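A structural walkthrough
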Amino acid sequence: MSTGGTRAVRLTRWGGPPVITEVPRPVPTGEEVLIRVEAAGLCRSDLHVIDARPGSLPYRTPFTLGHEVAGRVVEQGPLATGPAVGERVVVYGPWGCGSCARCAAGAENYCDRRPALDADLTGTGAGLGRDGGMADLLLVPSGRLLVPVGELAAVQAAPLSDAGLTAYHAVATVRHATGDGTSVVVLGVGGLGHLAVQILRATTTAQVLAVDVREEALALAERCGAHFGTLPRPDSAAVLRDRTGGVGAVAVLDFVGSRSTLELATGVLRAGGELAVVGSGGGELSVRKPGVLPPGTRISLPFWGTLPELERVVALAREGTLKVEVERFALSRAPEAIEGLRSGGVRGRAVLVPD
Ligand SMILES: [Zn+2]
Ligand SMILES: [Zn+2]
């Protein structure tokens, strides 16, 4: 590693591929905090960002990728608050305006000024239009965006900030509907889904039923505590309904969001059930009364999660309740990791570590 500069995985043009380049060492000013990155998770939404057509996302290139980041505070701006230099932290990824009612409540994922920020091409957060953590160093706008992780391993901590947090927020959206004798269906047991299974088991008494197109993902679901798993088949809806005692599932968490998963979701939901669409798989549902959705269905489109939820996710991980299935790649092998994720060759979460 050189002394003056620092490495970063940069998206220099839409369509990619991202390139590893040397960038100047960032200097924190004002409230900013500089983090030495210990681990950065790779997410399917990174692929959506890389592959985006020019003009389809409200971001300006170039920027450094990486919205799931853990590391150590190494330098603070003169007005910085929050964790001190030397503390190990995970970075809350959705960066809002920091001052609207949503942001004041820690829900920067639903910042009221987001449309204005998008219009200014300010970026959605770390690695999403603003320089992220697939790098040696990450400049964070404020210490309010940091959650201490203590001695939690960095490769475990980093994925908590998106895979863990988004899964937790999705479960929180439907938790009120769960209880003894109820069933929740998880569609897609990848980076987010395998954590959703664990969070459902830790925070609800519902039976957890998992669906994935890969046998090894079903094995992972079982290790995470799922009561039943199945590959998608023509009769999957009937098989799953049968597992619920014939009544259907009180909630479906769709981590894929494709046409086929949404179709399966409508087939297994109980009347008055909850459908949370988390994945951006391009599927569409038509809402009509009467229509394909069971009467009383509530639909939600959870996006990322809140700071208080990230604190709870970190607490679950630190007590050993939540374990992320991780495949490590050296930062210098980022292009390889990205291609591995694209081809479906990664089990659980791909995480980049410094080399
Ligand atoms: Zn993500
Ligand atoms: Zn805001």
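Note that this is a predicted model, so its numbers are computed, not measured.

Rules used throughout
Residues numbered from 1 in each chain as written. Chains lettered and ligands numbered in written order. Predicted model: local features only at pLDDT ≥ 70, side-chain atom pairs only at ≥ 80, totals over all residues. Heavy atoms only, no water. Donors = N, O, S within 2.8 Å, 3.2 Å for Na, K, Ca; no water. Tetrahedral: all angles 85-135°; square planar, octahedral: opposite > 155°, others 65-115°. Phe/Tyr/Trp six-rings, centres within 6.5 Å; stacked < 30°, edge-to-face > 60°. Buried < 20%, exposed > 50% of the residue type's maximum accessible area, 1.4 Å probe, protein only. Lys NZ or Arg CZ within 6 Å of the ring centre and 35° of its normal. Pairing = 2+ DSSP bridges. Helix = DSSP H or I, 4+ residues; strand = E, 2+ residues; numbered from the N terminus. Axes fitted to C-alpha atoms, helices over the stretch in contact; angles between N-to-C directions. Domains from an automatic or database assignment. Contact = heavy atoms within 4.5 Å. Buried area = accessible area lost by both parts, 1.4 Å probe. Salt bridge = Lys/Arg side-chain N within 4 Å of Asp/Glu carboxyl O. Polar contact = N/O pair within 3.5 Å; in protein donor to acceptor, adjacent residues only side chain to side chain. Nonpolar A, V, L, I, M, F, W, Y, C, P; charged D, E, K, R; others polar. Patch = residues over 30% accessible without salt bridge, like charges linked within 9 Å, V, L, I, M, F, W, Y side chains within 5 Å. Areas by Shrake-Rupley, 256 points an atom, 1.4 Å probe, with all protein chains shown as cover.

This part takes up the coordination of the zinc ion (ligand 2). For a metal with four tetrahedral donors the ideal donor-metal-donor angle is 109.5 degrees, whereas six octahedral donors ideally subtend 90 or 180 degrees. The coordination sphere of the zinc ion (ligand 2) contains the protein donors C97 (SG), C100 (SG), C103 (SG) and C111 (SG), at a distance range of 2.3 to 2.4 Å. Around the zinc ion (ligand 2), the 4 donor atoms sit at angles spanning 105 to 118 degrees, and that spread fits a shape best called tetrahedral. Positions of the donor residues of the zinc ion (ligand 2) along the chain correspond to the pattern C-x2-C-x2-C-x7-C.

Here we come to the packing of aromatic side chains. Scanning the model with the defined rule gives 3 aromatic pairs in all. Judged by centre distance (5.9 Å) and plane angle (85 degrees), the ring pair of Y59 and F63 falls under edge-to-face. Just as Y59 is buried, F63 falls in that class too. Between R175 and the ring centre of Y168, over which it is positioned, the NZ or CZ distance is 5.3 Å.

A few words now on the sheet that holds strand β12 (residues 207-211). Judged by pairing direction, the sheet is parallel, and its 6 strands sit side by side in the order β13-β12-β11-β14-β15-β16 without closing on themselves. Each edge of the open sheet carries a strand with a single partner, namely β13 (228-230) and β16 (298-300). In this sheet, adjacent strand axes meet at a mean angle of 15 degrees when their direction is disregarded. Bridge count between strand β11 (residues 183-187) and β12: 5 bridges; the pairing is parallel. Considered in β12, the bridge of V185 is made with L209.

Here we have 3 strands laid out as an open sheet, ordered β2-β1-β4, and antiparallel in their pairing. The strands lining the two open edges of the sheet, one partner per strand, are β2 (19-24) and β4 (63-64). As paired strands, strand β1 (residues 5-11) and β4 are joined by 2 bridges and run antiparallel to one another. Across the sheet, the residue bridging to L11 is F63, located in β4.

All right, on to the domain arrangement of the protein chain then. For an interface, size is often stated in terms of accessible area lost upon the parts coming together. Annotation of the protein chain at the domain level lists domain 1 (5-162 + 305-353) and domain 2 (165-300). Placing a centre on the C-alpha atoms of domain 1 and another on those of domain 2 gives a separation of 28 Å. With 24 residues of domain 1 at the interface, the matching set in domain 2 holds 17 residues. For the pairing of domain 1 and domain 2, the buried interface totals around 1700 Å² over both sides, and the portion due to carbon and sulfur atoms is 60%. Three residues, D162, E309 and L322, lead the burial of domain 1 against domain 2; their summed loss comes to 24% of the area buried on that side. Along the contact surface separating domain 1 from domain 2 lie 1 salt bridge. The closest approach of N and O atoms between E325 and R223, which form a salt bridge, is 3.7 Å. The interface formed by domain 1 and domain 2 includes 8 residue pairs in polar contact (both at pLDDT 80 or more). Element by element, the count of residues in the side of domain 1 that touches domain 2 is highest for helix α10 (residues 307-318), at 5 residues. Of the residues in the side of domain 1 that touches domain 2, the class split is 9 nonpolar, 8 polar and 7 charged.

Within the protein, the atoms that donate to the zinc ion (ligand 1) are C43 (SG), H67 (NE2) and D162 (OD), at distances of 1.7 to 2.2 Å. Ordering the donors of the zinc ion (ligand 1) by residue number gives the pattern C-x23-H-x94-D. On the criterion of sequence distance, the pair formed by C43 in the loop between β3 (33-42) and α1 (44-51) and D162 in the loop between α4 (154-157) and α5 (163-174) is long-range, its members being 119 residues apart. Note on C43: relative accessible area 6%, which makes it buried. D162 sits in the buried class, given a relative accessible area of 7%.

Judged by side-chain polarity, V287, I299 and L301 come together as a nonpolar surface patch covering roughly 320 Å² of accessible area. With respect to the helices, strands and loops of the structure, L301 is situated in the loop between β16 and α10.

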